[in-house]
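A structural walkthrough
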Amino acid sequence: SSQLTNVILSDVPADKSGVASGTNTTVRQVGNALGIAVIGTLVTTQTVSHAVRKVGSSGTIPDGSKPGILAQIHQLGSNFQPAPGTNTVVRAELTRILGSSVSSAATEAILFATLVITAG
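Right, let's walk through the structure included here.

What counts as what
Residues numbered from 1 in each chain as written. Predicted model: local features only at pLDDT ≥ 70, side-chain atom pairs only at ≥ 80, totals over all residues. Heavy atoms only, no water. Patch = residues over 30% accessible without salt bridge, like charges linked within 9 Å, V, L, I, M, F, W, Y side chains within 5 Å. Areas by Shrake-Rupley, 256 points an atom, 1.4 Å probe, with all protein chains shown as cover. Salt bridge = Lys/Arg side-chain N within 4 Å of Asp/Glu carboxyl O. Helix = DSSP H or I, 4+ residues; strand = E, 2+ residues; numbered from the N terminus. Buried < 20%, exposed > 50% of the residue type's maximum accessible area, 1.4 Å probe, protein only. Contact = heavy atoms within 4.5 Å. Axes fitted to C-alpha atoms, helices over the stretch in contact; angles between N-to-C directions. Parallel < 35°, antiparallel > 145°, perpendicular 65-115°, else oblique. Nonpolar A, V, L, I, M, F, W, Y, C, P; charged D, E, K, R; others polar.

In this section: a nonpolar patch on the surface. On the surface, Leu34, Val38, Phe112 and Val116 cluster together to form a nonpolar patch covering roughly 340 Å² of accessible area. Within the secondary structure, Val38 is located in helix H2 (residues 17-57).

See below:
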């Protein structure tokens, strides 16, 4: 980052270097904040999407339990935890589904970030 700032400021007249440096820092910080927000949103939405699809197609989770589980996943996202007293097999399935969903979502977010960086 320091070297990039030096390269950017090397073509700026000395009397404008303060403004150029401030502008460069502001743009860099806004980009970082926006990038974190976009990637975080992508991970969250994709986690919920994957988890909802996998819960819906699971043969292990009883059909009568799925609407409540899906509502909780929509509400809590990756913070979802099976309710106390949930059957051990169903609990294990939900834990597997959530872990797999977070992993898939993170992979997609990393690929998206890589694409943006490459395009930049």
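Once the structure has been displayed, the description carries forward.
We now examine the environment of Lys66. Structurally, Lys66 can be placed in helix H3 (residues 66-76). Looking at Lys66, the relative accessible area reads 9%, which means it is buried. Sequence separation of Lys66 and Val52 is 14 residues, and the distance between their C-alpha atoms is 9.3 Å. With near-sequence residues (within four places) excluded, Lys66 lies in contact with Val55, Gly56, Ser57, Ser58 and Ile61.

For Ala83, the location among the structural elements is in the loop between H3 and helix H4 (88-119). A residue is classified by how much of its surface remains accessible, and Ala83, at 35% relative accessible area, is partly exposed. Along the backbone, Ala83 and Val55 are 28 residues apart, and their C-alpha atoms lie at a distance of 15 Å.

Direction vectors running N to C along H2 and H3 enclose 175°, while the axes themselves pass 10 Å from each other. If you check the angle between H2 and H3, you find them roughly antiparallel. Every residue of H3 that contacts H2 at Val48, Ala51, Val52, Val55, Gly56 and Ser57 is listed here: Lys66, Ile69, Leu70, Ile73 and His74. Residue composition of the contact of H2 with H3, grouped by class: 7 nonpolar, 3 polar and 1 charged.

Geometric values such as these leave the question of function open.
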